[in-house]
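# Summary of structural features
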Amino acid sequence: MTEITAGIKSFMRPNICMNTIQYALDAGVDRVLVGCDGPNRFKKIHKKMIQKFDDRVELFLYPFNLGLSETRNRLVSETDSKYFFLLDDDYYIPKCALKGIDFLKRHPDIKIVGFPNFRGIKAGKQHNWCFNMEIKDRKLYIKAPKDLNEDCIDGKYHFGYNVDVVENCAIMETKVLKEMKWDKKYIIGQEHEDFYLNMKYNYPQYKAGVCFNIFAGHDRGEDDLNWDNYSHFRYGDEVEKSKEYFYKKWNITEYVDRGNMDLHKTYLIDRKFKIYTIDRCSHLKWKGWQGW
């Protein structure tokens, strides 16, 4: 049995996905599962792309637009490792990312640890989607977490807990994912908040943590193949359907955002935490992040 498997849902960005796979392997992930539910022409491209890797990488082809949630569920069902590294097809993880496993082993009640990222290959903007949620009077309140407990691994990798929501780039206990699952009615959009609301209210024994200073790269946007209709599927009708279903499922009428935690200021500047992230991407077509 391997210790950690990465699961990547891919749709129409095979070149970026290929980079994501390579970074996961370089970081020491034992096995990489790629689930593709894109158009047939992209499935053919993914088949060719997978041939560039050894047998640690496996491709699963699913019905067109099966959705982010159900594709993840199916990848988890193919996993027999203790840990599952949840990755979108545009996250590049650094070699120290597996230090998150050490953090989870030290805190048995924490089942998920998320990592911040540099968002956008041009801007290099630091981003950490980390917050708490509460449903009250049919309103969903998004609040900045306060007074986080902290831990440090190897004297340099800093973590905090407990929080309700962390990034999609996260190490999770596989058995927890097989128990909780993502709601397959979400094709794309709102599945993230839904997953963590489910954990908060239906599985309160499970907690999440966040790393303050191990950053992934987030290569957002369309693949350099420049195929048509990516934005349509990524930001189109399915997003509105998911939002409508989300509000109905959780019986809410309003989304109240009270601001996310400014990890950059609080931890990286005030506490002078060193940032650990990917290399300068010299083997990729683009030359790395700007403005670091």
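## Some words on the overall build of the protein
If you tally the helices and strands in the protein, you get nine helices and 16 strands. For the protein, the share of sequence-separated contacts (at least 6 apart) that also reach a separation of at least 24 residues comes to 81%.

## Examining the side chain of Arg72
Of note, Arg72 is situated in helix α3 (residues 68-77). Among the polar contacts listed, one links the side chain of Arg72 to the side chain of Asp88, at a separation of 3.0 Å. Residues within four places of Arg72 in sequence aside, it is in contact with Leu86, Asp88, Asn168, Trp182 and Glu191.

## So, unusual backbone geometry
Asn162 follows Tyr161 through a cis peptide bond whose omega is 5 degrees. When you line up the elements, Asn162 lands in strand β12 (residues 157-163). The phi torsion at Asp137 lies on the positive side, around 55 degrees, for a residue other than glycine. On the secondary structure map, Asp137 appears in the loop between β9 (132-136) and β10 (139-143). Unlike most non-glycine residues, Asn251 shows phi in positive territory, near 55 degrees. Along the chain, the position of Asn251 falls in the loop between α8 (237-249) and β16 (254-257).

## Regarding the environment of Asp55
Within the secondary structure, Asp55 sits in the loop between α2 (40-50) and β3 (57-61). For Asp55 and Val32, which are 23 residues apart along the polypeptide, the C-alpha to C-alpha distance reads 9.2 Å.

## Overview of the sheet that holds β16
Strand order in the open sheet made by the three strands is β9-β10-β16, with mixed pairing throughout. The open sheet has two edge strands, β9 and β16, and neither has a second partner. The mean angle between the axes of side-by-side strands here comes to 20 degrees, regardless of whether they run parallel or antiparallel. Here four bridges tie β10 to β16, and the two strands are oriented parallel to one another. Across the sheet, Ile142 pairs through a bridge with Asp257, a residue of β16.

## What about the packing of aromatic side chains?
Per the counting criterion, the structure on display carries 13 aromatic pairs. Just above the ring of Trp182 sits the side chain of Arg72; from NZ or CZ to the centre is 5.3 Å. It is Lys200 that lies over the ring of Tyr201; its NZ or CZ is 5.8 Å from the centre.

## Here's the deal with the packing of helix α1 (residues 14-26) against α2
Helix packing for two helices is described by the angle between their axes and how far apart those axes are. Viewed as axis vectors pointing N to C, α1 and α2 meet at an angle of 30 degrees, and their least axial separation amounts to 10 Å. Taken together, the axis directions place α1 and α2 in an arrangement best described as roughly parallel. For the pair α1 and α2, the crossing hand works out as right-handed. Every residue of α2 that contacts α1 at Pro14, Cys17, Met18 and Ile21 is listed here: Phe42, Ile45, His46, Met49 and Ile50. Of the residues contributing to the contact of α1 with α2, the split by class is eight nonpolar, one polar and no charged.

## Describing the environment of Phe246
By the element assignment, Phe246 lies in helix α8. Taking relative accessible area as the criterion, Phe246 reaches 0% and is therefore assigned buried. Put simply, Phe246 and Glu191 are 55 residues apart on the chain and 8.2 Å apart in space, counted from C-alpha to C-alpha. Once residues lying within four places of it in the same chain are set aside, the contact partners of Phe246 are Leu140, Tyr186, Gln190, Glu193, Asp194, Leu197, Ile252 and Tyr255.

Rules used in this analysis
- Every chain is numbered on its own, with residues counted from 1 as its sequence reads.
- With pLDDT at 70 or above as the cut-off, local features in this predicted model cover only qualifying residues; side-chain atom pairs require 80 or more to be listed or tallied, and sums for whole chains, interfaces and linings still use all residues.
- Side-chain descriptors were evaluated using all non-hydrogen atoms of the structure, hydrogens and water having been removed beforehand.
- Note on conventions: DSSP H or I runs of at least 4 residues are helices, E runs of at least 2 residues are strands, and numbering of each starts at the N terminus.
- Residues count as neighbours in contact if any of their non-hydrogen atoms are within 4.5 Å of one another.
- Here a polar contact is taken to be a pair of N or O atoms separated by no more than 3.5 Å, where protein atoms must pair a possible hydrogen donor with a possible acceptor and residues adjacent in sequence count only if both atoms sit in side chains.
- In this description, strands pair whenever DSSP reports at least two bridges between them.
- Fitting a line to C-alpha atoms yields each axis, with helices limited to the stretch in contact; the angle taken between N-to-C directions then spans 0 to 180 degrees.
- Classification of ring pairs rests on two measures: the distance between centres of Phe, Tyr or Trp rings, Trp counted by its six-membered ring, which must be within 6.5 Å, and the angle between planes, read as stacked under 30 degrees, edge-to-face over 60 and tilted in between.
- Two thresholds decide whether a charge sits over a ring: the Lys NZ or Arg CZ must be within 6 Å of the ring centre and within 35 degrees of the ring normal.
- Any angle that falls under 35 degrees is termed roughly parallel, while one over 145 is termed roughly antiparallel, one within 65 to 115 roughly perpendicular, and all others oblique.
- The handedness criterion is simple: a crossing whose near helix is rotated anticlockwise from the far helix by less than a right angle is left-handed, and one whose near helix is rotated clockwise is right-handed.
- Note on residue categories: nonpolar means Ala, Val, Leu, Ile, Met, Phe, Trp, Tyr, Cys or Pro, charged means Asp, Glu, Lys or Arg, and polar means any other residue, Gly included.
- Exposure classes here rest on a 1.4 Å probe applied to the protein chains alone. A residue is buried below 20% of its type maximum, exposed above 50%, and partly exposed in between.

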